[in-house]
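# Descriptive structure summary
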Amino acid sequence: MKRPARHLWLLLPALLVLAVAFLWPVGWLLSRAFTQPRPGLQNFVLLWQHPIYLRVVWNTILISAIATPITVLLGFPVAHAMTHGGPRTRRWLIFLVLVPFWTSLLVRSFATIILLQRHGPVNGTLRALGLIGQPLPLLHNLTGLLAGAVQVLLPFVIFPLYAAMLRIEPSLMQAAMTLGARPVRAFLRVYLPLTLPGLMTGATLVFISTLGYFVTPALLGGPRQLMVAQLIQDEIAQFGNWGVAGALSLVLLAATGALLWLLHRTVGLGAIAR
Amino acid sequence: MRTDGLAGWRALRHAVCVLVAAYMLAPLGIVLIISFSAAPFLQFPPPGWSLRWYRSLFDDPAWVDSIVTSIEVLVPAAAASTLMGTAAAFALVRGRIPGAGLILAVLMLPLVVPTIITGAGLFGVFRGLGLNGTLPGLIIGHVVLTMPYVVATVGAALRGLDPQLDAAAATLGAPPLRVFRRITLPLLLPGVISGLLFAMVVSFDELIVSLFVSSARVRPVAVQMWSNLRGDFDPTIAAIAALSFLFALLALLGEALARRRAAGLHT
């Protein structure tokens, strides 16, 4: 028996708002790439010909490619402890990962500036320990950007990994080790492959979030860490160049979409919702 | 069974957890401490204590106006996105709507599309509508960005509810609206409250769309903080940062309470 759809009208307000205040503006912006200042593909030619644009796109990819493995390497042990560390540890870690998730990016960037400034606590501690003579330049460069970014990104990799680890049967590792596998081998051959869906989901989320980063590179990075989102804002706010901004937006959106599509084909997007 | 290497892994795991804990929490501790500093600039640790930065926060009309603007934006935006998001989640989970998965994906799009694109697009179309630099403009932008959180939170809560309860009430003769009001809504309330709190926090913290749509006169806290951080900033920003952290912590506690209540109702 086919049951009829109900409550369809309840969807209308949300979809209407989304269409008018999201799909239309985004579509409008992207279409500027082909219409401003003249119809055609000249904006994409411009992106290709001017080294500044390509450099910023390359920068953005590079920064995402550096931030992703760092986040995964730090997040993996935390997710593991969350899964296997007992209820107390789990509660604490979830709280720990959630608190900064709920606090403003600006507040955290501000705190990172204080921590990493020339005469800040990090440099002070390193000097007190005798590890460095001169204060290290930790701000307005790649170090500052990564320090701020990884903190924001960690929850995106910890929670999918945690979800994947929860689904792993603990007896599998026991079985592997009972059969004579060393823990390292059992981990690499049994445990790690089973965490792959979570790992891929987390890594993809981190990568695509970083691609669109605006606040963190502007506040903690330097001029050499200029990223695509900042360039889009500059093109509009400083030059009123909607065509180039639209073309850059299209490139950014296409990269994001392609990565999500890849994730969907390999892991399934349902994994993200969970 | 060989267990060599396990102790090493445990030690490493412990070390990373402690490191990450410090990494996640240290910034917040530093903000709280420095907001009570007596120093005229951002010195850490502070040489003395005072409330001067809280005073300067509330004495400066730019900051006070921005707090008022933020509230004027987040209350209607969070209320609207909670109403519409809850309705949409209800239809998607309970409505047996063909293509519900696809519709859900579309509703989640504002989370996936880089906010810079949404912000620039809104700024572009708002120019023709005269909505830039106005409260309605900001509210519309914030509704778009907060609604996905409500749909996700309420949707998850709905999936945890047994539809049989509604069916039972209906079988006993309750009209649909009363079933919703007396059975579904009370059970769903914790999820809705979570969604509302989430929307409020997201709206308060939102910067990118606000940066495009706001003006010097209509400027929420996040934009005020941004221009302060870009210029020569002083510890006033630590005071507002500490207050906004407190706001987030209260919301987190409220969310945990709502969740606990939900868990209590299910047992």
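Remember, it's a predicted structure, so these values are computed and weren't measured experimentally.

### Quick word on the overall build of chain B
In terms of regular secondary structure, chain B is built from 11 helices and zero strands. For chain B, the succession of helices and strands along the chain, N to C, is α-α-α-α-α-α-α-α-α-α-α. By residue count, 50% of the 267 residues in chain B fall in the buried class. Taking contacts inside chain B between residues at least 6 apart in sequence as the whole, the part at least 24 apart equals 70%. Counting every atom, chain B has about 12100 Å² of accessible surface; 69% of that belongs to carbon and sulfur. Separation between the mean location of the 18 positive side-chain charges and that of the 12 negative ones in chain B comes to 11 Å.

### Thoughts on the interface of chain B and chain A
Opposite the 79 residues of chain B that make contact, chain A presents 75 residues. Counting each side, the surface lost to burial between chain B and chain A is near 7100 Å², with a carbon and sulfur contribution of 82%. If you sort the residues of chain B by the area they bury against chain A, B:Y23, B:M24 and B:R96 come out on top, with a joint share of 10%. At the junction of chain B with chain A, the criterion picks out seven residue pairs in polar contact (both at pLDDT 80 or more). With 16 residues, helix 1 (residues 6-35) of chain B is the single largest residue contributor to the side of chain B that touches chain A. Residues of the side of chain B that touches chain A, tallied by class, amount to 64 nonpolar, six polar and nine charged.

### As for the domain arrangement of chain B
One can read the domain layout of chain B as domain 1 (1-26) and domain 2 (54-266). Domain 1 of chain B and domain 2 of chain B are separated by 36 Å when their C-alpha centres are compared.

### Considerations on the nonpolar core
By size, the foremost hydrophobic cluster in this structure holds 111 residues, and its most contacted members are A:L106, A:F110, B:L107, B:I116, B:M225 and B:W226. For this core, the leading source of residues is helix 3 (residues 61-94) of chain B, giving 13 residues. With near-sequence residues (within four places) excluded, B:L107 lies in contact with A:L11, A:A14, A:L15, A:L18, B:A88, B:L92, B:P148 and B:V151.

### A look at helix 7 (residues 142-166) of chain A
All names here are of chain A. The end-to-end C-alpha separation of helix 7 is 35 Å, in line with the 36 Å expected for 25 residues at 1.5 Å each. Of all bends in helix 7, the biggest is about 35 degrees, found at L153, and the proline P155 comes one to four residues later. Burial runs high along helix 7: 18 of the 25 residues are buried. The residue sitting at the N-terminus of helix 7 and contributing the capping side-chain oxygen is N141; that oxygen lies 3.1 Å from the backbone nitrogen of T143.

### What about the confidence of the model for chain B?
Low-confidence regions, as indicated by low pLDDT, have predicted coordinates that should not be scrutinised in detail. Averaged over all residues, the pLDDT of chain B is 89; the fraction at 70 or higher stands at 96%. By mean pLDDT, the top-scoring element of chain B is helix 5 (residues 115-129) of chain B (97), and the lowest-scoring one is helix 11 (residues 236-266) of chain B (80).

### As for the pattern of salt bridges
Residue and element names in this part refer to chain B. Across all of its chains, the model carries one salt bridge over all chains by this definition. The shortest N-O distance in the salt bridge between D166 and R94 comes to 3.2 Å. Of this pair, D166 sits in helix 7 (residues 163-171) while R94 sits in helix 3; the two residues are 72 residues apart in sequence, bridging distant segments of the chain. D166 sits in the buried class, given a relative accessible area of 14%. R94 sits in the buried class, given a relative accessible area of 10%.

### Comments concerning the side chain of B:T184
Residue and element names in this part refer to chain B. As for its placement among the helices and strands, T184 is situated in helix 8 (residues 176-205). On the basis of relative accessible area, T184 is assigned to the buried category, the value being 1%. Here T184 is in contact with F90, R94, L161, D166 and V179, once residues within four sequence places are set aside.

### A look at the side chain of A:T195
As for its placement among the helices and strands, A:T195 is situated in helix 9 (residues 183-211). Judged by relative accessible area, A:T195 falls into the buried class, the value being 0%.

### What to know about the environment of A:Y53
Residues and elements named next belong to chain A. By the element assignment, Y53 lies in helix 3 (residues 51-84). Along the chain, Y53 and L231 lie 178 residues apart, while their C-alpha atoms are 8.3 Å from each other. Contacts of Y53, omitting those with residues within four sequence positions, involve L46, L47, L231, E235, V244 and L248.

### Digging into a nonpolar patch on the surface
Where nonpolar side chains cluster on the molecular surface, the patch consists of A:L16, A:V20, A:W24 and B:L129 and spans about 430 Å² of accessible area. The dominant element in the nonpolar patch, judged by the number of residues it contributes, is helix 1 (residues 12-35) of chain A, at three residues. The topology assignment puts A:W24 in helix 1.

### Observations regarding unusual backbone geometry
Looking along the chain, the bond that leaves A:Q36 and enters A:P37 is cis, with omega of -5 degrees. Note on placement: A:P37 falls in the loop between helix 1 and helix 2 (42-49). Of note in the backbone geometry, A:H7 takes a positive phi value of approximately 60 degrees without being a glycine. When you line up the elements, A:H7 lands in the segment before helix 1. For B:R96, which is not a glycine, the phi torsion comes out positive at approximately 50 degrees. Relative to the assigned elements, B:R96 resides in the loop between helix 3 and helix 4 (100-112).

### Some words on the packing of aromatic side chains
Between two aromatic rings, the relevant description is the distance of the centres plus the angle of the planes. In this structure the tally under the stated criterion is 13 aromatic pairs over all chains. Both rings, one in A:F187 and one in A:Y191, keep their centres 5.8 Å apart while their planes meet at 20 degrees; by these two values the pair is stacked. Residue A:F187 and its partner A:Y191 are located together in helix 9, separated by four residues, close to a single helical turn. On the accessibility criterion, A:Y191 (3% relative accessible area) is buried. An aromatic cluster of three or more residues is present, and its members are A:W28, A:W242, B:F123 and B:F212.

Basis of the calculations
Residues numbered from 1 in each chain as written. Chains lettered and ligands numbered in written order. Predicted model: local features only at pLDDT ≥ 70, side-chain atom pairs only at ≥ 80, totals over all residues. Heavy atoms only, no water. Helix = DSSP H or I, 4+ residues; strand = E, 2+ residues; numbered from the N terminus. Buried < 20%, exposed > 50% of the residue type's maximum accessible area, 1.4 Å probe, protein only. Contact = heavy atoms within 4.5 Å. Areas by Shrake-Rupley, 256 points an atom, 1.4 Å probe, with all protein chains shown as cover. Lys, Arg positive; Asp, Glu negative; His and termini not counted. Charge placed at Lys NZ, Arg CZ, Asp CG, Glu CD. Buried area = accessible area lost by both parts, 1.4 Å probe. Polar contact = N/O pair within 3.5 Å; in protein donor to acceptor, adjacent residues only side chain to side chain. Nonpolar A, V, L, I, M, F, W, Y, C, P; charged D, E, K, R; others polar. Domains from an automatic or database assignment. Core = buried A, V, L, I, M, F, W, Y, C linked by side-chain atoms within 4.5 Å. Expected span 1.5 Å × (residues − 1). Bend = angle between axes of the 7 residues up to and from the residue. pLDDT = per-residue confidence, 0-100. Salt bridge = Lys/Arg side-chain N within 4 Å of Asp/Glu carboxyl O. Patch = residues over 30% accessible without salt bridge, like charges linked within 9 Å, V, L, I, M, F, W, Y side chains within 5 Å. Phe/Tyr/Trp six-rings, centres within 6.5 Å; stacked < 30°, edge-to-face > 60°.

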